[in-house]
Each structure stands twice: as C-alpha cells, then as structure tokens.
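Chain residues, written in single-letter form:
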Amino acid sequence: MKIGIDAGGTLIKVAYTNGDLPEFIKFPISRLQYVASWISEFSNAKICITGGKAALLKTYMNQKAVDIVEFEATSSGVSYLLARNDIPVKAFILTNVGTGTSIHYINKGEHQRVGGTGVGGGTIMGLSKLLTGITDYETIVTTASKGARDRIDLKVSHIYEGSEPPIPGDLTASNFGNIAILASEGQLTKEELLASVVGLVGETVATVSVLAAGQSGLTSIVFVGSSFIGNDLLKEVVQRYTVLRGALPMFIENGEYSGAIGCLLYL
Ligand code: ADP
C-alpha cells in the first residue's frame, strides 16, 4: 500500500493505492489525529506527506513518512491528471484555489511559483459566516447557487449607462460596490449575499491568473483546489471571467487531490 497525503489549512486530502488506480478520500483538518490512527492500520504502507500541516500530522504518527514540498507535489499531481485525462497541454498556469490561492508557472518538467492571493476558499467560508452566519460548506455552496448578484455588484455597464463602455460591460466594476441600490433597497437575501461572495472570489482568482498567464506568455490556465468541490457557481464565474479576459480555463476531475497524488508518485 502507498499513501500520499496533502494536509492543508482546511482539508486533508489522501490518495492511496495498492498498485491500481489511486483512490481518494478527504477529511476536515480537525480530524488530523484520527487520520494518523487511520493510517496506522496500514502497517506496511509507504507514506509521503505534503502541505502546511504535514509536520503536525507527523507528530501524531508512529510510522515513517517522507515529506516533499507542496508546490512540487501539486505540479506533479496535475501533470499526472492531465495525462490521464488525455489533455495534451504542456505549458500552463496552475492556479490552486485552496484556503488561499497560489499560482504557478508550469512548462514541461519546469515549474515556478509566480504568486498568489489571500482571496480563496477560506474567503468564501469567512465572508459567508460574517454576512449570513452560515458555516456549513455545502449549505453555503447550494445557497449561493440560487442567488443573483445584480443588487450587490456594480457592473461596468451600470456605470456607462446609456453609452458604449470601453471594456466589456459585463465585467464587474466593483464587487459589493452597487452602493446606490444597497442603500435604497430592502434586505438582501442570503442567496444574493453568498452568490456575491463566490463572485468576488471567482473573479479575483480568474483575474490574477489571467495576469500571470499574460506575464508568462501563456493562455492555458488549469484550476484545481477543493474550493471547486460541488461549487459549480465558482467554476462558472472563473470560467466566464477567464474567457472574458482572453485566456483558456481548464478544470480537471479530482484536481483537489493533485498534492496527494504528487506524493503518491514520489513513493
Ligand atoms: P487547503 O489545502 O488549504 O486545505 P483545499 O484545496 O482543501 O485547501 O481547499 C479548502 C477550501 O475548500 C475551503 O476553504 C472551502 O472553500 C472548500 N471546501 C470544500 N469542501 C469543504 C468541506 N467539506 N469543508 C470545508 N471546506 C470545504
């Protein structure tokens, strides 16, 4: 048995195999100790760990484990998933929307971290709690999917009312910036608020990624990270905004397990 683990700020992602295709499982970070005892049942397993909580997880484990740098694990996992899905792209920007967002340049074997933003999945969780009191991820995501953003966000077309804007009118001029409407209309619904939170995060992540792609002379952007799990609205926002800004977005199945897969491949 081989086990690859990516212990991040919010979730622990595990990829394991007995020689066949890898299987995947995830746990909340609050179950770090449980994960250590779950792994201990596989006494002869080869184990590789990555992520910000790797060192902490190792303190709970009684087996040996190698640890590798998270960005290396993620990029090797993504290359594996692209090959497995017959996606022939070799040079691309990799944007990992985890608790925060990190952005990498990948060209064949070469990779380099080019930046990131603190706006990510953690922002969805935090702002959702502050604005609506909801803390459960699935409730946030399903509620957001039912909301409209036009009473909260200000679009370029709102500002250029009646005239032709110099940039696409559909771009957001100001997330949460529709002050005139916000001041004059009644209560906003949880659906509207959460849809706008997802909009803010998706548009920020897409915009930063497109700028990174432009800087590197690339157009393909591969988006991974657990923030996309069950969150079709975030995918739609990122997809639409990336295309609107001239780049080519890609999402890969099980992309959130890239770090764990990279660990598995290391063994
Ligand atoms: P990290 O490696 O930093 O833990 P992830 O790629 O696992 O990051 O993404 C964490 C984000 O995934 C959370 O901030 C949240 O938006 C989203 N998420 C998906 N599923 C869950 C879940 N079951 N519980 C909490 N957050 C979740």
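So, here's what we can say about the structure. Bear in mind that the values here come from a model prediction, so they are computed numbers and not experimental data. (Residues numbered from 1 in each chain as written. Predicted model: local features only at pLDDT ≥ 70, side-chain atom pairs only at ≥ 80, totals over all residues. Heavy atoms only, no water.)

**So, the overall build of the chain**
And then number 1: Across its full length, the chain carries 10 helices and 12 strands.
And then number 2: The C-alpha radius of gyration of the chain comes to 20 Å, within 12% of the 18 Å expected for a compact globule of 267 residues.
And then number 3: If one aligns the C-alpha atoms of the chain with their principal axes, the spans along those axes are about 70 × 40 × 25 Å.
And then number 4: When contacts within the chain are restricted to residue pairs at least 6 apart in sequence, those whose partners lie at least 24 apart make up 60%.
And then number 5: For the chain, the accessible surface area stands at approximately 12800 Å², while carbon and sulfur atoms represent 52% of it.
And then number 6: Averaging the positions of the 21 positive and the 24 negative side-chain charges in the chain gives two centres separated by 7 Å. (Helix = DSSP H or I, 4+ residues; strand = E, 2+ residues; numbered from the N terminus. Rg over C-alpha atoms; globule rule 2.2 N^0.38 Å. Contact = heavy atoms within 4.5 Å. Areas by Shrake-Rupley, 256 points an atom, 1.4 Å probe, with all protein chains shown as cover. Lys, Arg positive; Asp, Glu negative; His and termini not counted. Charge placed at Lys NZ, Arg CZ, Asp CG, Glu CD.)

**Concerning the sheet that holds strand E4 (residues 46-50)**
And then number 1: Ordered in space as E3-E2-E1-E4-E5, the 5 strands form an open sheet in which the pairing is mixed. Of all the strands in the sheet, just strand E3 (23-28) and strand E5 (66-67) have a single pairing partner and so form its edges.
And then number 2: Note: strand E1 (residues 2-7) against E4, 5 bridges, orientation parallel. Pairing of Asp-6 across the sheet is with Thr-50, part of E4.
And then number 3: Strand contacts of helix H10 (residues 258-266): E1, strand E2 (11-17), E3, E4 and E5, with the helix running at about 145° to E1, the strand carrying the most contacts. (Pairing = 2+ DSSP bridges. Axes fitted to C-alpha atoms, helices over the stretch in contact; angles between N-to-C directions.)

**Comments concerning the site of the ligand**
And then number 1: Around the ligand, a shell composed of 14 residues is seen, among which Thr-10, Lys-13, Thr-99, Gly-121 and Ser-226 lie nearest.
And then number 2: A distance of 2.8 Å separates an oxygen atom of the ligand from a polar atom in the backbone of Thr-10.
And then number 3: At a separation of 3.1 Å, an oxygen atom of the ligand approaches a polar backbone atom of Gly-122.
And then number 4: For the ligand, the accessible surface in isolation is 570 Å², of which the surrounding protein chains cover 86%.
And then number 5: The pocket occupied by the ligand, as judged from atoms lying within 2 Å of grid points, is the largest pocket. (Near = heavy atom within 4 Å. Polar contact = N/O pair within 3.5 Å; in protein donor to acceptor, adjacent residues only side chain to side chain. 1 Å grid on protein atoms, 1.4 Å probe; cavity = no way out; pocket = protein on both sides within 12 Å on 5 of 7 lines; lining within 4 Å. Sits in = over half its atoms within 2 Å of the grid points.)

**Brief notes about the sheet that holds strand E11 (residues 220-224)**
And then number 1: The mixed open sheet is built from 5 strands, whose spatial order is E8-E7-E6-E11-E12. Whereas interior strands pair on both sides, the edge strands pair on one side only; in this sheet they are strand E8 (110-117) and strand E12 (248-251). Pairs of neighbouring strands in the sheet enclose a mean axial angle of 25°, with direction left out of account.
And then number 2: Pairing analysis gives 7 bridges linking strand E7 (residues 101-107) to E8, with the strands arranged antiparallel. Bridge assignment links Thr-101 to a residue of E8, and that residue is Thr-117.
And then number 3: On top of the sheet, helix H8 (residues 190-216) reaches strand E6 (91-97), E7, E8 and E11; it is set at about 155° to E6, its chief contact.

**Here we look at H10**
And then number 1: For H10, a buried count of 7 out of 9 residues is recorded, marking the element as mostly surrounded by other parts of the structure.
And then number 2: Burial in H10 covers these residues: Ser-258, Gly-259, Ala-260, Ile-261, Gly-262, Cys-263 and Leu-264.
And then number 3: Buried-residue contacts for H10 involve E1, E2, E3, E4, helix H3 (70-84) and E11. (Buried < 20%, exposed > 50% of the residue type's maximum accessible area, 1.4 Å probe, protein only.)

**Some words on the nonpolar core**
Within soluble globular proteins, side chains that are nonpolar generally end up buried alongside one another.
And then number 1: The biggest cluster of nonpolar side chains holds 29 residues, and the ones touching the most others in it are Ile-93, Ile-221, Phe-223, Phe-228, Leu-233, Leu-234 and Val-238.
And then number 2: The set of elements that each furnish at least two residues to this core consists of E6, E7, helix H5 (137-144), H8, E11 and helix H9 (232-244).
And then number 3: Top contributing element to this core by residue count: H8, with 9 residues.
And then number 4: Aside from chain neighbours lying at most four places away, what touches Leu-234 is Ile-124, Val-198, Val-201, Gly-202, Ser-227 and Phe-228. (Core = buried A, V, L, I, M, F, W, Y, C linked by side-chain atoms within 4.5 Å.)

**Examining the packing of aromatic side chains**
And then number 1: Tallying each qualifying case throughout the model produces 8 aromatic pairs.
And then number 2: Ring centres of Tyr-16 and Trp-38 lie 5.9 Å apart, and the angle between their planes is 80°; on these two criteria the pair is classed as edge-to-face. You can see Tyr-16 sitting in strand E2 and its partner Trp-38 sitting in helix H1 (residues 32-40), a full 22 residues away along the chain.
And then number 3: With a centroid separation of 4.7 Å and 20° between ring planes, the pair formed by Phe-24 and Tyr-257 is classed as stacked. With Phe-24 in strand E3 and Tyr-257 in the loop between E12 and H10, this residue pair connects regions lying 233 residues apart in the sequence.
And then number 4: With a relative accessible area of 22%, Phe-24 lands in the partly exposed category.
And then number 5: Note on Tyr-257: relative accessible area 6%, which makes it buried. (Phe/Tyr/Trp six-rings, centres within 6.5 Å; stacked < 30°, edge-to-face > 60°.)

**Considering the packing of H8 against H9**
Between two packed helices, what matters for the description is the angle formed by their axes and the separation of those axes.
And then number 1: Here H8 crosses H9 at 40°, and the two axes come no closer than 8 Å. Considered as vectors, H8 and H9 are oriented oblique to each other. The crossing of H8 and H9 is right-handed. Across the interface between the two elements, Ala-195, Val-198, Gly-199, Val-201, Gly-202, Glu-203, Ala-206, Thr-207 and Val-210 from H8 touch Leu-233, Leu-234, Val-237, Val-238, Tyr-241 and Thr-242 from H9.
And then number 2: Looking at side-chain class alone, the contact of H8 with H9 contains 10 nonpolar, 4 polar and 1 charged residues. (Parallel < 35°, antiparallel > 145°, perpendicular 65-115°, else oblique. Left-handed = near helix turned anticlockwise from the far one by under 90°. Nonpolar A, V, L, I, M, F, W, Y, C, P; charged D, E, K, R; others polar.)

Functional significance is not addressed by these values, which are geometric in nature.
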